[in-house]
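# Summary of structural features
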Amino acid sequence: MDEKNVVSRTSVICGYVRKGNMVEARNIFKAMPTKDMAAWNVMISGYTDVGDVHIVSFLFQAMPHRDSGIWNLMISGYCKEGELEKSKDYFEQMPRRNVVSWTMMIDGYVKSGKLHEAKCLFDEMPEENLITWSTMISGYAKNGKPSAALELFKNFKKQRIVDAVESVISDDVGSRYFSDSHVVNSLIDLYAKCGNIEKASQVFEAADKIDFCCYSTMIAAFANHGLVEKAVSLFEDMQRKNFDPDEVTFLGVLSACNHEGLVNEGRRYFKQMAEEFRIQPTDKHYACMVDILGRGGFLEEAHEMILSRHVAPSSAVWGAMVAASNVHRNVQLAEIASSELFKIEPENSRNCILLSNIYAAAGKWRDVARVRALIREHHVKKIGDLAGLSWGLQCLSL
């Protein structure tokens with residue numbers, strides 16, 4: 001078979017693989033008397049995508065030659081299926097590992113919650129790059145280890161890896177990983193947290209695959225950087241493309257509304273979350289919504305929203321109420337919210353001091369003196385113990 005026929009048949013196989021028709025792809029592949037590396041790669045990639053690692057393994061063993069790309073496909077395929085031991089076997093047997101091999105293996109451990117194994121492999125790497133760092137940092141953050149994520153992020157910044165991102169994006173490694181939504185999401189988050197929202201947006205736009213997690217991260221990034229219109233626009237675009245927002249996405253768009261004082265939009269999104277998407281708002285959503293309403297001057301509505309909850313509001317919710325009351329000099333609601341705060345956080349002296357400041361701003365010097373007398377009576381300092389003061393401070397609101 002001449003080279004032209006090999007190429008044309010490989011193209012046909014590629015078309016069937018893209019449609020997920022592996023039966024026809026296999027028939028053409030088997031009928032080829034001569035198979036080039038591209039044909040082998042397409043078949044292995046196709047069976048990897050459909051999760052048939054057994055046939056992938058058979059094809060791999062039958063290959064006359066294997067390059068690093070094929071080895072990496074094997075590692076990636078078994079990682080996706082959660083068969084980390086098999087992935088590790090291929091990783092260890094690989095003649096020459098590259099940065100993709102190391103990162104895929106680390107990513108597999110991270111996704112399975114095996115952070116210790118991931119970190120050990122990370123420490124063994126001859127040379128890390130942006131993708132590897134972001135995978136490891138994101139792994140800690142998403143698996144409930146924020147301190148470890150922060151520590152690693154500090155090391156990341158010290159090594160100034162961010163400055164090298166253009167080379168990572170432009171080379172073959174970067175282009176491969178731009179089809180991995182997990183890595184794309186990590187990159188967006190990383191750039192945003194480094195303060196480079198333009199790069200975060202570029203990664204989002206350049207990605208081959210975007211899932212709802214990428215949308216959520218980008219919306220939150222826009223909101224945190226004060227780009228409210230972009231955050232809201234992206235949220236609307238997300239829904240037009242049939243991605244259902246989750247509680248994280250709604251928190252991002254509510255934060256954007258809060259930043260710009262968009263009260264009506266905030267009301268609409270909060271209602272949409274509960275009624276259209278049946279998502280139960282958390283304390284963070286309520287705290288954000290109370291802040292939106294409070295800053296907009298709708299203090300009574302914010303208070304009614306708090307009281308309408310079926311569970312006891314947290315200190316974050318009442319704290320938002322106190323802050324809003326302070327802005328609008330509403331002493332009565334400040335007293336009510338502070339009273340609730342004292343019940344939840346009797347040891348937090350800042351609540352007591354804030355109430356004193358609210359009284360002072362309203363010119364209620366008698367109440368200021370009473371609060372400060374209670375503090376002195378219990379020998380409380382600004383960062384001291386307020387246990388036992390709850391009852392006395394609650395009496396101020398009577």
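Cut-offs and rules
Residues numbered from 1 in each chain as written. Predicted model: local features only at pLDDT ≥ 70, side-chain atom pairs only at ≥ 80, totals over all residues. Heavy atoms only, no water. Helix = DSSP H or I, 4+ residues; strand = E, 2+ residues; numbered from the N terminus. Buried < 20%, exposed > 50% of the residue type's maximum accessible area, 1.4 Å probe, protein only. Contact = heavy atoms within 4.5 Å. Arc of directions from axis to C-beta. Salt bridge = Lys/Arg side-chain N within 4 Å of Asp/Glu carboxyl O. Axes fitted to C-alpha atoms, helices over the stretch in contact; angles between N-to-C directions. Parallel < 35°, antiparallel > 145°, perpendicular 65-115°, else oblique. Left-handed = near helix turned anticlockwise from the far one by under 90°. Nonpolar A, V, L, I, M, F, W, Y, C, P; charged D, E, K, R; others polar. Phe/Tyr/Trp six-rings, centres within 6.5 Å; stacked < 30°, edge-to-face > 60°. Lys NZ or Arg CZ within 6 Å of the ring centre and 35° of its normal. 1 Å grid on protein atoms, 1.4 Å probe; cavity = no way out; pocket = protein on both sides within 12 Å on 5 of 7 lines; lining within 4 Å. Points joined across faces, edges and corners; volume = space filled by probe spheres on them. pLDDT = per-residue confidence, 0-100.

### Remarks on the side chain of Ser-356
Residue position: Ser-356 is located in helix H23 (residues 349-361). Since its relative accessible area comes to 3%, Ser-356 is described here as buried. The contact partners of Ser-356, leaving out residues within four places of it in the chain, are Val-368, Val-371 and Arg-372.

### Some words on helix H20 (residues 299-307)
Among all positions in H20, only Leu-299, Ala-302, His-303, Met-305 and Ile-306 are buried. Each buried residue of H20 lies within a common arc of 155° when the element is viewed along its axis, so the set occupies one face. In H20, the exposed positions angled more than 90 degrees off the buried face are occupied by Glu-304 and Leu-307. The inward-facing, buried residues of H20 contact helix H18 (263-275), helix H19 (283-295), helix H21 (315-327) and helix H22 (331-344).

### As for the pattern of salt bridges
A side chain of one charge can pair with a side chain of the opposite charge if their charged atoms are brought near each other. On inspection of all chains with the given rule, the structure shows 11 salt bridges. The shortest N-O distance in the salt bridge between Asp-367 and Lys-364 comes to 3.6 Å. Overall, the relative accessible area of 33% leaves Lys-364 in the partly exposed class. Sharing partners across several salt bridges, the network here consists of Asp-237, Arg-240 and Lys-241.

### Here we look at the packing of H20 against H21
Two elements in contact, H20 and H21, have axes separated by 11 Å at closest approach and are oriented at 165°. In this view, H20 runs roughly antiparallel relative to H21, as classed from their interaxial angle. For the pair H20 and H21, the sense of crossing is left-handed. Residue-level contacts link Leu-299, Ala-302, His-303 and Ile-306 of H20 to Val-317, Trp-318, Met-321, Ala-324 and Ser-325 of H21. Here the contact of H20 with H21 is built from residues that sort into 7 nonpolar, 2 polar and no charged.

### Digging into the packing of aromatic side chains
Pairs of aromatic rings are described using the distance from one ring centre to the other and the angle between the two planes. Applying the stated criterion across every chain yields a total of 13 aromatic pairs. Between Tyr-215 and Phe-243, the aromatic rings sit 5.3 Å apart at their centres with planes inclined by 45°, giving tilted as the arrangement. Here the residue Tyr-215 occupies a position in helix H15 (residues 212-224), and Phe-243 occupies one in the loop between helix H16 (228-240) and helix H17 (247-260), the gap between them amounting to 28 residues. Overall, Phe-243 belongs to the partly exposed group, its relative accessible area being 24%. Taking the ring centre of Tyr-269 as reference, the NZ or CZ of Arg-268 above it sits at 4.7 Å.

### Considering the layout of surface pockets
Put simply, the second largest pocket is a space of about 710 Å³. Forming the boundary of the second largest pocket are 26 residues, of which Asp-189, Ser-216, Thr-217, Ala-220 and Val-248 lie nearest the centre. Those elements that provide at least two residues to the lining of the second largest pocket are helix H9 (130-142), helix H13 (181-193), H15, H17 and H19. The dominant element in the lining of the second largest pocket, judged by the number of residues it contributes, is H15, at 8 residues.

### Description of the confidence of the model for the protein chain
For the protein chain, per-residue confidence averages 80 on the pLDDT scale, and 86% of positions sit at 70 or higher. Low confidence marks residues 163-174, where pLDDT is under 50. Its contacts with residues over four positions away, or in another chain, come to 16 contacts. Within the model, pLDDT remains below 50 along residues 379-398, and this stretch shows 39 contacts once partners closer than five positions in the same chain are excluded.

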